[in-house]
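Examining the three-dimensional arrangement
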2 protein chains.
Amino acid sequence: MSKRKFALGLDYGTESARALLVDVKTGEEISTAVADYPGGVMDKQLPDGTVLEPETALQDPNDYLSVLDKIIPAVMEDGGVTAQEIIGIGVDFTASTILPTLSDGTPLCILEDFKQEPYAWVKLWKDHAAQPEAEEMNDLAEKQGELFLARYGGRLSSEWMFPKSLRMLRKAPNVYERADRIIEAGDWLVWQLCGKEVRSACQAGYKGMWSKSEGFPSKEFLKLLDPQFESFVDEKLSKDIQPLGKAAGGLTPEWAQKIGLIPGTPVAVPVIDAHAAVLGTSVADAGKMVLALGTSTCHLVMNEKNLPARGVAGIVEDGIAPGFAAYESGQSAVGDIFLWFIRNYVNADIERQARLVGKDIFAYFEGLAANVPPGSNGLLALDWWNGNRSTLMDANLSGLIIGLTLSTRPEEIYRALIESTAFGTLAIIDNHSEQGIPIDELYASGGLAEKNELLLQIYSDVTGRTIKIAASTQAAALGAAIAGSVAAGAERDGYNTFKEATASMAHLKEKVFTPDAAKHQIYKRIYAEYIKLYDAFGRGMLDTMKQLKEIRDTVV
Amino acid sequence: MSKRKFALGLDYGTESARALLVDVKTGEEISTAVADYPGGVMDKQLPDGTVLEPETALQDPNDYLSVLDKIIPAVMEDGGVTAQEIIGIGVDFTASTILPTLSDGTPLCILEDFKQEPYAWVKLWKDHAAQPEAEEMNDLAEKQGELFLARYGGRLSSEWMFPKSLRMLRKAPNVYERADRIIEAGDWLVWQLCGKEVRSACQAGYKGMWSKSEGFPSKEFLKLLDPQFESFVDEKLSKDIQPLGKAAGGLTPEWAQKIGLIPGTPVAVPVIDAHAAVLGTSVADAGKMVLALGTSTCHLVMNEKNLPARGVAGIVEDGIAPGFAAYESGQSAVGDIFLWFIRNYVNADIERQARLVGKDIFAYFEGLAANVPPGSNGLLALDWWNGNRSTLMDANLSGLIIGLTLSTRPEEIYRALIESTAFGTLAIIDNHSEQGIPIDELYASGGLAEKNELLLQIYSDVTGRTIKIAASTQAAALGAAIAGSVAAGAERDGYNTFKEATASMAHLKEKVFTPDAAKHQIYKRIYAEYIKLYDAFGRGMLDTMKQLKEIRDTVV
C-alpha cells in the first residue's frame with residue numbers, strides 16, 4: 001500500500017479564509033480550519049477614518065497572508081499530517097477582487113504615502129462604485145461593435161476589473177499612476193506564496209475580459225474610454241495567463257518556513273470560488289450543469305464547443321477544465337429572496353407554532369410549503385428581487401407575484417418564491433439548450449443544496465432533470481485542493497487531468513433527486529406562464545418595472 | 001317653535017338589524033339599538049340538521065320580525081320620544097336577499113312540509129350557489145343580444161334574484177311550484193309591516209333585472225332558459241314597482257301595537273343598504289360619487305342622463321333619488337385586502353413595536369405607511385384579490401404585486417395595497433367620465449372612511465379630487481330614516497324631495513381631504529403604469545391569471 005498523500009485547499013471568501021486538507025487518493029476531508037480576516041470588510045471608512053464613497057467595499061491584503069499561519073498549521077496538526085505528505089496547494093478566491101501593487105507585489109496601501117487613499121486598498125467583488133464606468137464601457141462597446149461583448153451576454157458588470165480600474169484612473173489618478181500592477185487578489189496571493197506573478201485564465205476570462213483566442217480588449221477601445229487608459233493592459237496586467245491545473249510555481253522558502261511546509265511544494269493557478277465548487281461537485285466534463293445554490297445562484301456548464309451564446313454572463317475557453325469552454329450564468333437573488341420573506345413576513349402565530357414543535361422557522365416553513373401541491377396555490381412569481389442576471393442581464397428588473405387572493409397563505413407564497421427560482425434556472429438551462437449547449441443533468445452545491453430538500457425536489461420536478469448533490473459541504477475548498485493535486489501532477493502522486501482528479505477526490509451524496517412525472521407536467525404548464533411574463537416584462541413589452549424605478553429615483 | 005318630529009331608520013345587515021331615531025329637522029341622531037338575528041347565518045345546515053350545498057347562505061325570515069320589538073321600543077325609550085312624534089319609517093336591506101312565500105306573505109319555510117327544504121328559506125345576498133345559472137343566463141343573454149345586459153355592464157351576478165330563482169326551479173321544483181311569490185326580504189318586511197305587497201324600484205332595478213322603461217326580461221328569454229321559467233315574472237313577482245321616497249303603505253294596527261307606534265305611520269319603499277348610505281352621506285343629485293368603503297367598496301353616482309355605460313355594474317332609473325339614473329360600480333375587495341395582509345404577514349417584531357407604543361396593529365401600520373413618500377417604494381399592485389367587479393366584471397382575475405426588491409419593507413407593501421385600491425377607484429371614475437357621466441367630488445362613508453385617514457388622503461391624492469366624509473357613522477340607517485321622512489312628505493312635517501331631506505338631515509364632517517398637487521403628479525405617473533397592467537391582464541393580452549386558476553382547478 002502506497003503512503004497516503006494530501007492536497008491543501010485554501011478557500012478565500014468575503015469574510016474569512018478556510019483551509020481544507022484532503023486525501024488525494026480518496027478525497028477524504030481530513031481536517032479544516034477557518035479564520036476571519038482581522039480587518040473585515042470596510043464599507044464606511046478606512047482604518048485612519050477616511051470616509052468611503054457609497055457602494056464601496058474594501059479589504060486589507062495583509063489579512064489574506066496573516067490568516068495563513070493560523071489555518072495551515074491548524075489543519076496539519078488536526079489531521080496528523082506531515083509537510084512531506086502535502087503534494088500541492090490550491091487556492092480559490094472571490095473575484096473580481098483587485099488591488100494595485102508595485103512591481104514586486106507590494107500593495108500600495110501599505111506605503112505611507114498611499115494608506116489614506118481608498119483606491120490603494122483591495123476592492124472587493126461586491127464593490128459597485130464603478131457602475132457608471134461599467135455603463136460607459138457597455139455603451140462604447142456596443143457602439144463600436146466590440147466582439148468581446150458576445151462572450152459576456154452583451155453586458156459588462158461593475159464588479160469586474162476593467163470598470164474598477166478605469167474608475168481608479170478617474171478618481172485616484174495618483175494611485176493609478178503609481179501602480180505597477182493591478183491584479184486579482186487570488187493571483188496576488190499565489191504570487192506571494194511562490195514568488196512569481198502568473199494570472200489565472202479563469203479570473204482573466206470571467207472578470208478581465210480576456211480570451212484565449214482574442215486576448216484583452218484592444219488599445220483603440222481603451223483609448224476611446226480615456227487616452228491614459230490606452231496602455232492599461234500593457235502596463236498594469238501580465239500576459240502570462242495560465243489555465244487551471246497548472247502550477248504557478250513552488251512555495252518559497254520563506255513561506256514554507258512560516259507555515260511549516262516544504263519549499264517548492266506546487267501552488268496551483270487560482271480559481272474563482274464558484275468555479276472551484278464545480279470541481280468539488282465532481283464535474284469535469286460537458287453536459288452537466290453545476291448550481292452553486294446560495295444567497296444567489298451561479299450556474300456553470302462546460303462544453304467542447306466555444307459558442308457565442310446570448311444571455312450567458314461569461315464564456316471562457318479553459319475557464320475551468322482545459323479543453324472545455326465554460327459557460328457561466330447566474331440568478332442574482334435566490335436564498336436572499338427566501339430570507340427576505342422569512343425575516344419580514346412571518347407572523348407571530350407561525351413563529352409560535354414553529355417554537356412549539358421545536359423547529360427553526362426555515363425548516364417549519366419548508367414543512368408547510370411541502371404540503372402545498374404544485375399548481376394548487378394559483379400563484380406565480382418572477383424571481384427578479386435583485387434584477388435578472390441571466391438571461392436578461394438587467395439590474396433594473398424587479399420581483400413580481402401574481403395570482404394573489406384573499407385565501408393566499410404565507411406558505412403558498414413561500415413555495416411560489418422557491419418555484420420562481422426553479423423556473424429562473426430552467427430558463428437558463430433552456431437558453432443553453434437552444435444555442436447548442438445541451439444540459440443533461442444537474443449537480444448542486446452550496447448552502448441551499450445541503451439544507452433544503454424541498455427546494456431540490458422542486459428544482460428536479462420543474463426542470464424534469466435529476467439532481468445530484470456534492471457530498472462535500474466545502475465544495476469550493478475541495479475544488480481548490482483538486483486544483484492543487486492536478487498542479488502536482490501524477491509524478492508527485494497527484495493527477496494529470498481534472499477528470500481523473502475529480503473522479504477520485506470529489507463525491508456525491510447517495511440521495512439523488514429525480515423528477516416526479518406528474519408534477520413535471522403541471523410545472524410545464526405553469527412554466528409556460530412564467531415564460532410569458534418573463535418575455536413581457538423582461539423584453540420590453542411591458543416596461544413597468546423600469547418605469548417604477550425611474551419614478552422612485554425622481555422622488556427619493 | 002314647532003314640535004320636534006322624528007323618523008325611524010331600520011338598517012338590516014347580514015348579521016343584525018339596527019334602529020336609528022333621527023330628528024327630522026336637524027338630522028340629529030337621537031338614539032340607536034342593534035339586535036343580532038337569533039338564527040344567524042346558516043351555511044352548513046338547517047335547524048333540523050339538513051346539510052346545505054356549498055356556497056349556500058340562508059336565514060330565517062322570522063328573525064327580521066322578531067328583532068323589531070326589541071330595537072324599536074329601545075330607541076323610543078332611550079330617545080324619550082313618543083309614538084305621535086314618529087312621522088315615518090324607512091328600511092334598508094341587503095340585496096339580493098330573497099325568499100319564497102304564499103300569496104299572503106307566509107314564508108314557505110315555516111310550513112311543516114317545507115321546513116326541511118333549504119330552498120324554502122331566505123337566500124342571502126352572499127349565497128353564490130347559483131353561479132352556474134348566472135353563467136347560463138349570461139351566455140344566453142349574450143347569444144340573444146338581450147338589451148338588458150347593457151344596464152349591467154354585460155354580466156349578471158350569481159347573487160341576483162333571477163339566477164337564484166332559476167336554481168330554485170331546478171334544484172327544488174316543489175318549492176318553486178308552491179311559491180306564490182318570490183320576493184326580496186326588504187320588500188317582504190315592508191309587506192309585513194303595512195300589509196301591502198310593493199316592490200322597490202331600487203331592488204328590482206339593481207338585483208331583479210327590471211327597468212322603468214323596459215320592464216323585466218322577456219318571456220321568450222325566460223322560456224329559452226327553461227320552459228317552466230317562462231311565467232316567472234307573471235306568477236312570482238309583482239309589477240307594482242315603486243321608486244324610493246314613496247310610502248309603500250301605513251303601519252298595520254297589529255304591528256303598531258306590537259312595537260308601540262301609531263297605526264298608519266308611513267312605511268317607505270325599502271332601499272338597498274349601500275344606496276341608503278348615499279342619502280346618509282347627503283348626496284341626492286348628480287356629479288357626486290359616494291364610496292361606501294368597507295371590506296369591499298360600492299361606488300354610486302347619479303346623473304340626469306340614463307346612458308348605457310360599459311363596465312358599470314348596474315344602471316337604474318330612479319334607483320336612488322327619483323329623476324336620476326343611479327350608476328353602481330364596485331371593487332370586490334378593499335378592506336379585505338388590508339385585513340388579509342395584516343392578519344397573515346405582520347411579523348412578530350412589528351407586533352411587539354405596536355404593543356410597545358400602545359397602538360393597535362392597523363393604526364401602527366398606518367403610521368409606518370404614512371411615512372413612505374408616494375412613488376418611493378417602487379411598488380405597484382393590481383387590487384384584484386377577489387376579482388374585478390368594475391370595470392371588468394371578471395371574478396377570475398387575481399391580485400398582483402410588482403416592483404419587489406430585497407429591500408422592500410412590509411409597510412411599503414401595505415401602502416402599495418392601499419394605493420392599488422385608490423387606483424381601482426380612479427379607474428372606475430375615469431370609466432364614468434369617458435362615457436359622459438362626470439364626477440366632480442367624492443364622498444365617503446363606511447368603516448374605512450371613519451377610521452383610516454391615510455387611506456382617504458391617498459384616495460384624494462390619487463384621484464385629484466376632494467373627499468367629504470359622512471358625519472354619521474350609520475349612513476345607511478340614516479339614509480333609511482331620510483327615506484321615511486320623504487315617505488311621510490311635507491304635509492306630515494317630512495319632506496317632498498330627497499334633495500330637501502338630505503340637505504337638512506344628512507351632514508358631513510368638517511374635515512375635508514384635498515389633493516396635494518405634487519403627490520397627485522407622482523400618482524399620475526404611477527397610475528399610467530397601473531392602467532397598462534390593468535389593460536394587459538384585464539383585457540386578454542396576458543391571460544396569466546386565468547391560466548393559473550385553470551391549472552389550480554385541475555389539481556385541487
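Residues numbered from 1 in each chain as written. Chains lettered and ligands numbered in written order. Predicted model: local features only at pLDDT ≥ 70, side-chain atom pairs only at ≥ 80, totals over all residues. Heavy atoms only, no water.

This part covers the interface of chain B and chain A. Between chain B and chain A, the residue contacts involve 55 residues of the former and 55 residues of the latter. Between chain B and chain A we count 2 salt bridges in total. In this structure, aspartate 543 of chain A and lysine 532 of chain B form a salt bridge, with 3.5 Å as the shortest nitrogen-oxygen distance. Joining chain B to chain A, the criterion identifies 20 residue pairs in polar contact (both at pLDDT 80 or more). Broken down by secondary-structure element, the contributors of at least two residues to the side of chain B that touches chain A are helix 12 (335–345), helix 13 (348–356), strand 19 (399–404), helix 15 (410–434), helix 20 (517–538) and helix 21 (544–555) of chain B. Where strand 19 (residues 399–404) of chain A meets strand 19 of chain B, 5 bridges bridge the pair, whose relative direction is antiparallel. Each residue of the ladder has a partner; that of isoleucine 402 of chain A, found in strand 19 of chain B, is leucine 400 of chain B. (Contact = heavy atoms within 4.5 Å. Salt bridge = Lys/Arg side-chain N within 4 Å of Asp/Glu carboxyl O. Polar contact = N/O pair within 3.5 Å; in protein donor to acceptor, adjacent residues only side chain to side chain. Helix = DSSP H or I, 4+ residues; strand = E, 2+ residues; numbered from the N terminus. Pairing = 2+ DSSP bridges.)

Attention now moves to the relation of the copies chain B and chain A. For the pair chain B and chain A, the best superposition has an RMSD of 0.0 Å and corresponds to a rotation of 180° with a translation of 0.0 Å parallel to the axis. Taken together, the rotation and translation relating the two chain copies correspond to the operation of a two-fold axis. By residue overlap, the copies meet face to face through one surface: 100% of the interface positions of chain B are interface positions in chain A. (Least-squares fit on C-alpha atoms with pLDDT ≥ 70 in both.)

Here the focus is the nonpolar core. Within the largest apolar cluster, 149 residues are counted, with the highest numbers of intra-cluster contacts made by Phe537 of chain A together with Phe537 of chain B. Apart from the residues lying within four places of it in its own chain, the contact partners of phenylalanine 537 of chain A are Leu382, Trp384, Leu397, Leu400, Leu542, Thr544 and Met545 of chain A together with Ile402, Leu533 and Phe537 of chain B. (Core = buried A, V, L, I, M, F, W, Y, C linked by side-chain atoms within 4.5 Å. Buried < 20%, exposed > 50% of the residue type's maximum accessible area, 1.4 Å probe, protein only.)

Applying the stated rule across the entire model yields 52 salt bridges over all chains. Between aspartate 349 of chain A and arginine 352 of chain A there is a salt bridge, and its shortest N-O distance comes to 2.7 Å. In this pair, aspartate 349 of chain A and arginine 352 of chain A both sit in helix 13 (residues 348–356), 3 residues apart, roughly one turn of the helix. According to the relative accessible area criterion, arginine 352 of chain A is partly exposed, its value standing at 45%. Between aspartate 394 of chain B and lysine 546 of chain B there is a salt bridge, and its shortest N-O distance comes to 2.5 Å. Of this pair, aspartate 394 of chain B sits in the loop between strand 18 (380–382) and strand 19 while lysine 546 of chain B sits in helix 21, and the two are 152 residues apart along the sequence. Residue aspartate 394 of chain B is classed as buried on the basis of its relative accessible area of 14%. On the basis of relative accessible area, lysine 546 of chain B is assigned to the partly exposed category, the value being 33%. One connected set of salt bridges, linked through shared partners, spans Arg4, Asp23 and Glu28 of chain A.

Distances and angles like these do not, on their own, reveal function.
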